[in-house]
There are 2 protein chains.
Amino acid sequence: MTRKLLTLLCLTLSLSQPTLKAQEVPAEPESIISPNIHENHSVTFTFFAPQADTVKLVSDLLPPEKIMTRFGIQDGPGSVLLQKDQNGLWTYTSDPLESELYSFWYLVDGIRVPDPNSPYVFRNGSTVTNVFTIGGGQADLYEDKNIAHGTVSRVWYDSPTVGIDRRLSVYLPAGYEDSREEYPVLYLLHGAGGDEESWLAHGRAAQIMDNLIASGKSKPMIVVMPNGNVSQDGGYGYGSYGFQKPVFLPPHSMNGEFEASFIDIVNFVEDRFRIKSGKENRAIAGLSMGGFHTMHISRYYPNTFDYVGLFSAAILPREDATGKVYSDIDKNLKVQKDNGLKLYWIGIGKKDFLYEANTAYRKKLDDLNFPYEYRESGEGHIWKNWRIYLSEFAPKLF
Amino acid sequence: MTRKLLTLLCLTLSLSQPTLKAQEVPAEPESIISPNIHENHSVTFTFFAPQADTVKLVSDLLPPEKIMTRFGIQDGPGSVLLQKDQNGLWTYTSDPLESELYSFWYLVDGIRVPDPNSPYVFRNGSTVTNVFTIGGGQADLYEDKNIAHGTVSRVWYDSPTVGIDRRLSVYLPAGYEDSREEYPVLYLLHGAGGDEESWLAHGRAAQIMDNLIASGKSKPMIVVMPNGNVSQDGGYGYGSYGFQKPVFLPPHSMNGEFEASFIDIVNFVEDRFRIKSGKENRAIAGLSMGGFHTMHISRYYPNTFDYVGLFSAAILPREDATGKVYSDIDKNLKVQKDNGLKLYWIGIGKKDFLYEANTAYRKKLDDLNFPYEYRESGEGHIWKNWRIYLSEFAPKLF
């Protein structure tokens, strides 16, 4: 290959990607590796901003800080000021970190900025964050190892109950396409503000399942990740509303329509894929709003799922819920219990703002003699917990 | 639903997404719609940055500007200064725009920043840009319409030639799963710096195919989008190199290994999917480096593809190309020509830095009496051209 060809191809790369203006280019911008993970699992962050007055790192690797939300003061990711050198390079090196997947971004003079030197970004709802993993422990489950991989598909299904075609994500375990076997299925539901992409990004569902199945800790299973916002046909960037700002907030997602239309998803999945029949081959789990959906779906179809997982579920008193799905809750729960199921799993973080609501819900289950397994973790309403819950829940299935 | 529940769920949303610090929250941050597309197809961009000295919009909707790259001065996206109001809201309204997909970002005091109010971001290589479409013309092909949709899967295949499992993207046309029909296949290759995700993001391959097939302009076909960087098993965030900065630059992607290993992809695809056999049911096309790959693959396997598309191909004199794939080029081309094929399509923009190289290559084809179809478009080495080329090329297939 000629030098000229190489040069032109590098130029191609530069042109097909955004380029820095001349005055913004440090001496060797391509030499910046950020975040740079050291052998002792400390991490150095580097940001080139010679004209900035302050560059802060905001990340869940730092001690939590109180942040203002529209609904009060809450725990949020911590922040730290980077140090500037004479070349305009700002840096910060963390303490050694435990094995986890971490998120971060910068505040440059108060403006939120992703790391221009890291290609690793996850979208959740309307925001994009940089991510990295520290291996050697829990986060080994969150990486694409050199093992057999499942297939991840985005599929459209007809939802007669909603009246439109809708989009969902499906994980097929390694070996599915090369066999005639039938598989059990886990329905895995996202939280408010998320969509059918969420469990695949921050949730690492495909990597967790690949790793658990390859190591023999989980049975091979199909994982179906639908979109719980019935006002959307597809998540951000994949819907017929185009690239306009969509409406996705509750109550559009929590008015009973998703639960009532869930039968469309089960029918589609059992028609399209090779699914083992029977409730003993069906599991459902969800985080936050998806835990609310999971609780209601599993009781609204009370003889359908032998495995139910509520991850930091938005389970709250039902007095003002109106949809027909929300009537007769206690009666349905009793029917669900009497029908029998193999696992009703509840996970919640000690600092979760839904902790008390989950305690109250467990009290209700106790009053109904409804058996369940309870997992209390540290911290609050964060993806770290939901990834851990999935990695503990999946091995208990089927 | 109780007011409390709603509040808590909104909080869930806030917590599971990054939140603004109190001092950064404008009176009604959620009321910002940016970009805001008006009925006359002008667009208003809004950015909240009370402390900033300058906020610029950088976008391909503006007249191109010369930018400095490591390899010289080139055309890049244009830029314009936004106007600040007394509340710290910066705005700019464009002229009415033609139907297209546009990319943009901001420079806030010189630092590159995505739009915090737009969830629509595409990653290409290591960079993330906001996007939006203006409908009513060409960009109607780039949106998810309320029509039958194909399935998009990410699949791992064994590549014995490279010695690892590798990841690719596959588009299955609507109806594939519900029939026993066999389909023709288009192999669609990305450029330098891209990966198996690129044609699905900026390239809009799934939307273009959905729309062309639904309107009867293209035949239903399978589209296979492999990863052309043999030093990667999967693209950014999907490889066994984890979340470390990967090596992807040429010559790792242009040393002949990808072309030599392409047979692994064809074998896998024809085994896994219901493919019509024969060269008359195989097409291959690629952009930039992918055009280089396409030229070499179609000639290295000279009786395999009846349809070949070179989109702004990085076709350059071969004197210093070393891999065995690059020997006997003229001889192979003659064999390819003598074997016969139905379409050899070359598209290039008048301002492309590869324009002369493509002119020289066409001269070579002329000298060989190798028939081809030539399409010269405006502008340069940009996704706009590659989307247009795909939308013109696909209807000519099969």
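How each quantity is defined
- Residues numbered from 1 in each chain as written.
- Chains lettered and ligands numbered in written order.
- Predicted model: local features only at pLDDT ≥ 70, side-chain atom pairs only at ≥ 80, totals over all residues.
- Heavy atoms only, no water.
- Helix = DSSP H or I, 4+ residues; strand = E, 2+ residues; numbered from the N terminus.
- Buried < 20%, exposed > 50% of the residue type's maximum accessible area, 1.4 Å probe, protein only.
- Contact = heavy atoms within 4.5 Å.
- Areas by Shrake-Rupley, 256 points an atom, 1.4 Å probe, with all protein chains shown as cover.
- Pairing = 2+ DSSP bridges.
- 1 Å grid on protein atoms, 1.4 Å probe; cavity = no way out; pocket = protein on both sides within 12 Å on 5 of 7 lines; lining within 4 Å.
- Points joined across faces, edges and corners; volume = space filled by probe spheres on them.
- Nonpolar A, V, L, I, M, F, W, Y, C, P; charged D, E, K, R; others polar.
- Salt bridge = Lys/Arg side-chain N within 4 Å of Asp/Glu carboxyl O.
- Polar contact = N/O pair within 3.5 Å; in protein donor to acceptor, adjacent residues only side chain to side chain.
- Domains from an automatic or database assignment.
- Axes fitted to C-alpha atoms, helices over the stretch in contact; angles between N-to-C directions.
- Parallel < 35°, antiparallel > 145°, perpendicular 65-115°, else oblique.
- Left-handed = near helix turned anticlockwise from the far one by under 90°.
- Phe/Tyr/Trp six-rings, centres within 6.5 Å; stacked < 30°, edge-to-face > 60°.
- Lys NZ or Arg CZ within 6 Å of the ring centre and 35° of its normal.
- Expected span 1.5 Å × (residues − 1).
- Bend = angle between axes of the 7 residues up to and from the residue.

Moving on, we come to the overall build of chain A. Looking only at helices and strands, chain A has 7 helices and 20 strands in total. Counting all 398 residues of chain A, 62% fall into the buried class. In chain A, the share of contacts with a sequence separation of at least 24, taken over all contacts with a separation of at least 6, comes to 74%. Of the roughly 14700 Å² of accessible surface on chain A, 50% is carried by carbon and sulfur atoms.

Let us now look at the sheet that holds strand E2 (residues 43–48) of chain A. Pairing between the strands of a sheet comes from backbone hydrogen bonds, and it takes one of two forms, parallel or antiparallel. Pairing in this open sheet of 4 strands is antiparallel, and the strands run E1-E2-E8-E7 (chain A) from one edge to the other. Only two strands of the sheet have a single neighbouring strand rather than two, namely strand E1 (36–37) and strand E7 (83–84) of chain A.

Scanning the model with the defined rule gives 6 cavities of 30 Å³ or more in all. Empty space within the largest cavity amounts to approximately 1000 Å³. Of all elements in the fold, only strand E11 (121–124), strand E13 (151–159) and helix H2 (205–214) of chain A together with strand E11 (121–124), strand E13 (151–159) and helix H2 (205–214) of chain B reach the threshold of two or more residues within the lining of the largest cavity. Split into classes, the residues belonging to the lining of the largest cavity amount to 25 nonpolar, 8 polar and 14 charged.

This part is about the pattern of salt bridges. Following the criterion strictly, the structure yields 40 salt bridges over all chains and no others. The partner of Lys145(A) in a salt bridge is Asp140(A), and the shortest N-O contact between them spans 3.6 Å. You can call Lys145(A) partly exposed: its relative accessible area is 26%. Under the relative-accessibility criterion, Asp140(A) is labelled partly exposed at 27%. Notably, a salt bridge pairs Asp330(B) with Lys364(B), separated by 2.6 Å at the nearest N-O pair. Residue Asp330(B) is located in helix H5 (residues 329–339), and its partner Lys364(B) is located in helix H6 (residues 355–367); the two are separated by 34 residues in the primary sequence.

Before going further, it helps to examine H2(B). Residue and element names in this part refer to chain B. Within H2, 9 of the 10 residues are buried, leaving the element largely enclosed by the surrounding structure. Looking only at H2, the buried set comprises Ala205, Ala206, Gln207, Ile208, Met209, Asp210, Asn211, Leu212 and Ile213. Positive backbone phi, approximately 80°, marks Gly216, located one or two places after H2.

With that out of the way, let us pick up the side chain of Gln232(B). Mapped onto the elements of the fold, Gln232(B) is located in the loop between strand E16 (222–226) and helix H3 (257–272). Within polar-contact distance, the side chain of Gln232(B) engages the side chain of Asn227(B) at 2.9 Å.

Moving on, we come to the environment of Val121(A). The topology assignment puts Val121(A) in strand E11. Assessed through its relative accessible area of 21%, Val121(A) is described here as partly exposed. Separated by 80 residues in the primary sequence, Val121(A) and Ala201(A) have C-alpha atoms spaced 8.9 Å apart. Not counting residues within four places of it along the chain, the set of residues in contact with Val121(A) comprises Val128(A), Thr129(A), Asn130(A) and Val128(B).

So, on to the sheet that holds strand E2 (residues 43–48) of chain B. Residue and element names in this part refer to chain B. On the basis of which strands lie adjacent, the open sheet formed by 4 strands has the order E1-E2-E8-E7 and antiparallel pairing. The two strands at the open ends of the sheet, each matched to only one other strand, are strand E1 (36–37) and strand E7 (83–84). Sheet topology note: the E7/strand E8 (residues 89–93) ladder contains 2 bridges and is antiparallel. Of the residues in E8, the one forming a bridge with Gln83 is Thr91.

Residues and elements named next belong to chain A. Under the domain assignment, chain A is made up of domain 1 (24–135) and domain 2 (142–396). Using only C-alpha atoms to locate each centre, domain 1 and domain 2 end up separated by 31 Å. Between domain 1 and domain 2, the residue contacts involve 14 residues of the former and 16 residues of the latter. In this assembly, domain 1 and domain 2 are joined by 3 salt bridges. Note that Glu98 and Lys384 form a salt bridge whose closest N and O atoms lie 3.2 Å from each other. Our count for the contact surface shared by domain 1 and domain 2 stands at 5 residue pairs in polar contact (both at pLDDT 80 or more). In the side of domain 1 that touches domain 2, the residues fall into 3 nonpolar, 7 polar and 4 charged.

Attention now goes to the packing of H2(A) against helix H7 (residues 383–393) of chain A. Residue and element names in this part refer to chain A. In the contact formed by H2 and H7, the axes pass within 10 Å of each other and the chain directions differ by 30°. By the criterion of interaxial angle, the relationship of H2 to H7 is roughly parallel. For the crossing formed where H2 meets H7, the hand is right-handed. Contacts between H2 and H7 involve Ala205, Ile208 and Leu212 from the first element and Arg387, Leu390 and Ser391 from the second. Along the lines of polarity and charge, the residues of the contact of H2 with H7 split into 4 nonpolar, 1 polar and 1 charged.

Glancing now at the packing of aromatic side chains. Residue and element names in this part refer to chain A. What the rule picks out here adds up to 56 aromatic pairs over all chains. Judged by centre distance (5.4 Å) and plane angle (45°), the rings of Tyr176 and Tyr183 are tilted. Using a relative accessible area of 4% as the deciding quantity, one classes Tyr183 as buried. Ring pairing ties together the aromatic residues Trp199, Phe311, Trp345, Trp383, Trp386, Tyr389 and Phe393, which thus form one cluster. Sitting over the face of the ring of Trp105, Arg112 holds its NZ or CZ atom 3.9 Å from the ring centroid.

With that settled, the discussion passes to the environment of Ile208(A). Residue and element names in this part refer to chain A. Here Ile208 shows up in helix H2. Look at Ile208 and you get buried, because its relative accessible area is 0%. Taking the C-alpha atoms as reference points, Ile208 and Ser179, 29 residues apart in sequence, are found 22 Å from one another.

So, about helix H3 (residues 257–272) of chain A. All names here are of chain A. Compared with the 22 Å implied by 1.5 Å per residue over 16 residues, the 23 Å span of H3 between its first and last C-alpha is a close match. Roughly 25° is the biggest bend found in H3, and it falls at Ile263. Within H3 the residues assigned to the buried category are Phe258, Glu259, Ser261, Phe262, Asp264, Ile265, Val266, Phe268, Val269 and Arg272.

What follows deals with the pairing of strand E9 (residues 101–108) of chain B. Residue and element names in this part refer to chain B. Most of E9 is tucked away, with 8 of its 8 residues classed as buried. Here 5 bridges tie strand E3 (residues 55–59) to E9, and the two strands are oriented antiparallel to one another. Across the sheet, the residue bridging to Val58 is Trp105, located in E9. The pairing of E9 with strand E12 (residues 127–133) spans 4 bridges and is classified as antiparallel. The residue of E12 that forms the bridge with Leu101 is Thr133. Note that E9 and strand E10 (residues 111–113) share 3 bridges and pair antiparallel. Across the sheet, residue Tyr106 finds its bridge partner in E10, namely Val113. Taken together, E9 and the strand that follows it, E10, pair antiparallel across an intervening segment of 2 residues, in which Asp109 is found at a positive phi of about 50°.

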